[in-house]
Amino acid sequence: MLIREYRIVLPLTVDEYQVGQLYSVAEASKLETGGGEGIEVLVNEPFEDEATGRKGQYTHKVWHLSQKVPAFIRLLAPAGALELHEKAWNAYPYCKTVMTNEYMKDKFSIVLETMHLADAGTTENALNLEGSALAKREVSIVDIAVDPVHPKDYKADEDPTLVKSEKTGRGPLAPGWISTSEPVMCAYKVVSAEFKWFGLQSRVEAFIQRTNAYLLNRFHRQVCLHFAGPFPCGNCRAPC
């Protein structure tokens, strides 16, 4: 199992990020579900964890990936192999997501735990990892102003070094912005990837982590520039 902790620092408040994240996830879901393919929501309901006292929203989604792969793979793939089950507990500022595949059962999982704090990525163990998990953890700083995106994904109006956010009035981000930004917050994301398949385990787990780092960078560039508050309407959960 590979365990990485990604620290994504943003020029936002923790409250602004919460609204921006919800809106961005909703937008991404709408794009993915076009044409009947994409995300199927099985459960969406409140939850309460008696052990921790956390309350929030629980969702169980199925990601249908058959239209994301070549046709010959769809013909060869066993039933359930091209579906990912996502179970998520959103008790902001803490969130947990578990991804599994029914075909691979306990041989595959991606567990993502997140804590959002009002600092610049300086908390040493924000998710309170212990034992082997803490020993295996590798920390990576995701800098939305420095880390590159693929040319096919690049948009000038999502480049934090070029654009000033209309909603926050902040930006563009200059070199060294993390140490000078006010406000500032960090999304601490611990990703545990496990792929128990002889001969492929290390390569696939490394690929999962590389993909996660890239997607986190791209997603948070969008959150920062387009979907974050402030939102003057106190009951509104979307940009005005």
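Just above, that's the structure.
Because the structure is predicted, anything quoted here is derived from the model rather than measured. Every chain is numbered on its own, with residues counted from 1 as its sequence reads. Where local features are concerned, this predicted model is filtered to residues with pLDDT of at least 70; where side-chain atom pairs are given and counted, the filter is 80 or more; whole-chain, interface and lining totals use all residues. Hydrogens and water molecules were not included; the side-chain quantities draw on all heavy atoms of the structure.

A. Local environment of the overall build of the protein. Secondary structure elements follow DSSP: runs of H or I no shorter than four residues count as helices, runs of E no shorter than two count as strands, and numbering proceeds from the N terminus. Scanning the protein from terminus to terminus reveals four helices and eight strands. Moving toward the C terminus, one meets the helices and strands of the protein in the order β-α-β-β-α-β-β-β-α-β-β-α. The 240 residues of the protein split such that 40% are buried. Contacts are residue-level and defined by heavy atoms, with any inter-residue pair within 4.5 Å sufficient. Residue pairs in contact within the protein that sit at least 24 positions apart in sequence constitute 65% of those at least 6 positions apart. Exposure categories follow from relative accessible area, calculated using a 1.4 Å probe and restricted to protein chains: below 20% of the type maximum is buried, above 50% is exposed, and the middle band is partly exposed.

B. The pairing of strand S8 (residues 185-195), seen in detail. Burial analysis of S8 places 11 of its 11 residues in the buried class, which makes it a mostly covered element. Residues of S8 alternate between two faces, with Met185, Ala187, Lys189, Val191, Ala193 and Phe195 on one and Cys186, Tyr188, Val190, Ser192 and Glu194 on the opposite face, all of them buried. When DSSP finds two or more bridges between two strands, those strands count as paired. Pairing analysis gives nine bridges linking strand S1 (residues 2-10) to S8, with the strands arranged antiparallel. By the bridge assignment, Glu5 is partnered in S8 with Val190. Where strand S6 (residues 108-117) lies against S8, 10 bridges are found, and the strand directions are antiparallel. Pairing of Ser109 across the sheet is with Glu194, part of S8.

C. Structural context of the nonpolar core. Nonpolar cores were defined as sets of buried Ala, Val, Leu, Ile, Met, Phe, Trp, Tyr and Cys residues, with membership established by side-chain atoms within 4.5 Å. If you look at the biggest cluster of nonpolar residues, it comprises 39 residues, and the most contacted ones within it are Ile8, Leu10, Tyr17, Phe108, Leu127, Ile144 and Met185. Here this core takes eight residues from S8, the largest share from any one element. Contacts of Phe108, omitting those with residues within four sequence positions, involve Leu84, Met99, Thr100, Asn101, Glu194, Phe195 and Ile208.

D. Region of interest: the packing of aromatic side chains. Paired rings are identified among Phe, Tyr and Trp, the last through its six-membered ring, by centres lying within 6.5 Å, and are further divided according to the angle between planes into stacked (under 30 degrees), edge-to-face (over 60) and tilted (the rest). Counting across every chain of the model gives three aromatic pairs. Ring centres 6.4 Å apart and planes at 80° place the aromatic pair Phe108 and Phe195 in the edge-to-face group. Residue Phe108 is located in strand S6, and its partner Phe195 is located in strand S8; the two are separated by 87 residues in the primary sequence. Classification of Phe195 as buried rests on a relative accessible area of 11%. Measuring from ring centre to ring centre gives 6.1 Å for Phe195 and Trp197, while their planes differ by 25°; the resulting arrangement is stacked.

E. Just the environment of Leu117, in detail. Among the structural elements, Leu117 can be located in strand S6. Assessed through its relative accessible area of 26%, Leu117 is described here as partly exposed. Spatially, the C-alpha atom of Leu117 lies 7.8 Å from that of Tyr188, the residues being 71 residues apart in sequence. With near-sequence residues (within four places) excluded, Leu117 lies in contact with Val14, Thr123, Ala126, Met185, Cys186 and Tyr188.

F. Geometry of unusual backbone geometry. In this model, Gly171 is joined to Pro172 through a cis peptide bond whose omega is -5°. Within the secondary structure, Pro172 sits in the loop between strand S7 (138-142) and S8. Geometrically, the link from Glu182 to Pro183 is a cis peptide bond, its omega value of 5° lying close to zero. Along the chain, the position of Pro183 falls in the loop between S7 and S8.

G. Looking closely at the pairing of strand S5 (residues 94-100). In terms of strand pairing, strand S4 (residues 83-91) meets S5 through seven bridges, oriented antiparallel. When the bridges of S5 are listed, Ala88 appears paired with Thr97. Joining the antiparallel neighbours S4 and S5 is a turn of two residues. Both S5 and S6 contribute to a ladder of seven bridges, which runs antiparallel. Directly across from Val98, in S6, lies its bridge partner Val111.

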